[in-house]
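Here is how the chains run, residue by residue.
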Amino acid sequence: LAASVVGGLAMDQSLAKFSTGGVTVPRSGNESELKRDIEGRVKQYNLTIQKADTNRQSYILSTVGISVDAMASARAAIAAKRGGSFWKRLQWWQHHQVPLDLKVNQKTLTAFANTEALQVTEPAQNASLAIENGQAKITQEKPGKAVGIKEAERRLLSTAKFLKQDALVQKNMTLTPAL
């Protein structure tokens, strides 16, 4: 038994479990099989945002400005499974999650984060200085209020990299004035 375990580990096999996007890397290490499974998983996946009113809204990744490069993701997961130290591959109790390879349309992602992940309830007011009848009139800045996801773009990408099922939850936020 020990000889077969050592032999299998020497031939790029691993006892540890590896997955990408919730898809387990097959023992065979077949790229096309893993690519097909990743594509199927991505088609079924919806990124969910829990709004402030506790309603949940789900979005397909393309709406968010994100697509998955299934072949690059499959190659990276197989490389992670075959690579690493002998000790890492021997650790059958470990589960390694390899992030998906994402392609991002930054303009779409930013627009999504600013519209769907953030709802401004009271806009921030900048400080201002006006001169009326020779008198200086100063208006103090006033913070605004919003309901949204802090660091929305980063968190959207992090959620998509692993096709996480947990909803991103909007919370009360304070908007700081620009001036």
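Cut-offs and rules
Residues numbered from 1 in each chain as written. Predicted model: local features only at pLDDT ≥ 70, side-chain atom pairs only at ≥ 80, totals over all residues. Heavy atoms only, no water. Core = buried A, V, L, I, M, F, W, Y, C linked by side-chain atoms within 4.5 Å. Buried < 20%, exposed > 50% of the residue type's maximum accessible area, 1.4 Å probe, protein only. Helix = DSSP H or I, 4+ residues; strand = E, 2+ residues; numbered from the N terminus. Contact = heavy atoms within 4.5 Å. Pairing = 2+ DSSP bridges. Axes fitted to C-alpha atoms, helices over the stretch in contact; angles between N-to-C directions. Patch = residues over 30% accessible without salt bridge, like charges linked within 9 Å, V, L, I, M, F, W, Y side chains within 5 Å. Areas by Shrake-Rupley, 256 points an atom, 1.4 Å probe, with all protein chains shown as cover. Salt bridge = Lys/Arg side-chain N within 4 Å of Asp/Glu carboxyl O.

K.L.:
Whenever I open this one, the nonpolar core confuses me. Can you help?
P.N.:
Side chains of nonpolar character tend, in soluble globular proteins, to be buried together. One finds Leu34, Ile38, Leu47, Ile49, Leu61, Val64 and Leu156 to be the most contacted residues of the largest nonpolar core, which totals 31 residues. For this core, the secondary-structure elements that each account for two or more residues are α2 (31–44), β3 (47–50), α3 (61–64), β5 (66–68), α4 (70–82), α6 (106–115) and α7 (152–161). At four residues, the largest contribution of residues to this core is made by α4. Setting aside chain neighbours within four positions, we find Ile49 in contact with Asn55, Arg56, Gln57, Tyr59, Phe112, Glu116, Ala117, Ile149, Leu168 and Gln170.

K.L.:
What should I look at first to understand the environment of Ala127 in this one?
P.N.:
Within the fold, Ala127 resides in the loop between β8 (118–122) and β9 (128–132). Judged by relative accessible area, which is 33%, Ala127 ranks as partly exposed. Sequence spacing of Ala127 and Gly40 is 87 residues, and the spatial spacing of their C-alpha atoms is 52 Å.

K.L.:
Explain the sheet that holds strand β2 (residues 23–24) to me, please; I cannot follow it from the model alone.
P.N.:
What links the strands of a sheet is backbone hydrogen bonding, and the strands pair in either a parallel or an antiparallel sense. Here three strands make up an open sheet; going across it, the order is β2-β1-β6 and the pairing mixed. Lying at the two open borders of the sheet, with one neighbouring strand each, are β2 and β6 (95–98). Bridge count for strand β1 (residues 17–20) against β2 is two bridges, and the pairing is antiparallel. Counted as the bridge partner of Thr20 is Val23 from β2. Relative to β1, α4 is tilted by about 165°, and along the sheet it contacts β1 and β6.

K.L.:
Where do I start with the environment of Asn133 in this structure?
P.N.:
Topologically, Asn133 is positioned in the loop between β9 and β10 (135–139). According to the relative accessible area criterion, Asn133 is exposed, its value standing at 81%. The spatial distance from the C-alpha of Asn133 to the C-alpha of Glu31 is 76 Å, given a sequence separation of 102 residues.

K.L.:
Would you explain the sheet that holds strand β13 (residues 171–175) in this entry?
P.N.:
Taken together, three strands build an open sheet; the order of strands is β8-β11-β13 and the sheet is antiparallel. Strand pairing shows two members of the sheet lacking a second neighbour, β8 and β13, which therefore form its edges. On average, each strand axis in the sheet is tilted by 30° relative to the strand beside it, whichever way the strands run. Looking at chain direction, β8 and strand β11 (residues 144–148) are connected through four bridges and run antiparallel. For Glu122, the partnering residue across the bridge sits in β11 and is Lys145.

K.L.:
I tried to follow a nonpolar patch on the surface on my own but got confused; where do I start?
P.N.:
Together, Leu15, Trp87, Trp92 and Trp93 line one region of the surface with nonpolar side chains, adding up to about 510 Å² of accessible area. If you trace the backbone, Leu15 turns up in the loop between α1 (2–10) and β1.

K.L.:
Could you clarify how one ought to interpret unusual backbone geometry in this entry?
P.N.:
Negative phi is the rule for most residues except glycine; trans is the rule for most peptide bonds. A positive phi angle, close to 70°, is found at Thr54, a residue other than glycine. Mapped onto the elements, Thr54 comes out in the loop between β3 and β4 (56–59). Under the relative-accessibility criterion, Thr54 is labelled exposed at 56%. A positive phi angle, near 50°, is found at Glu151, a position not held by glycine.

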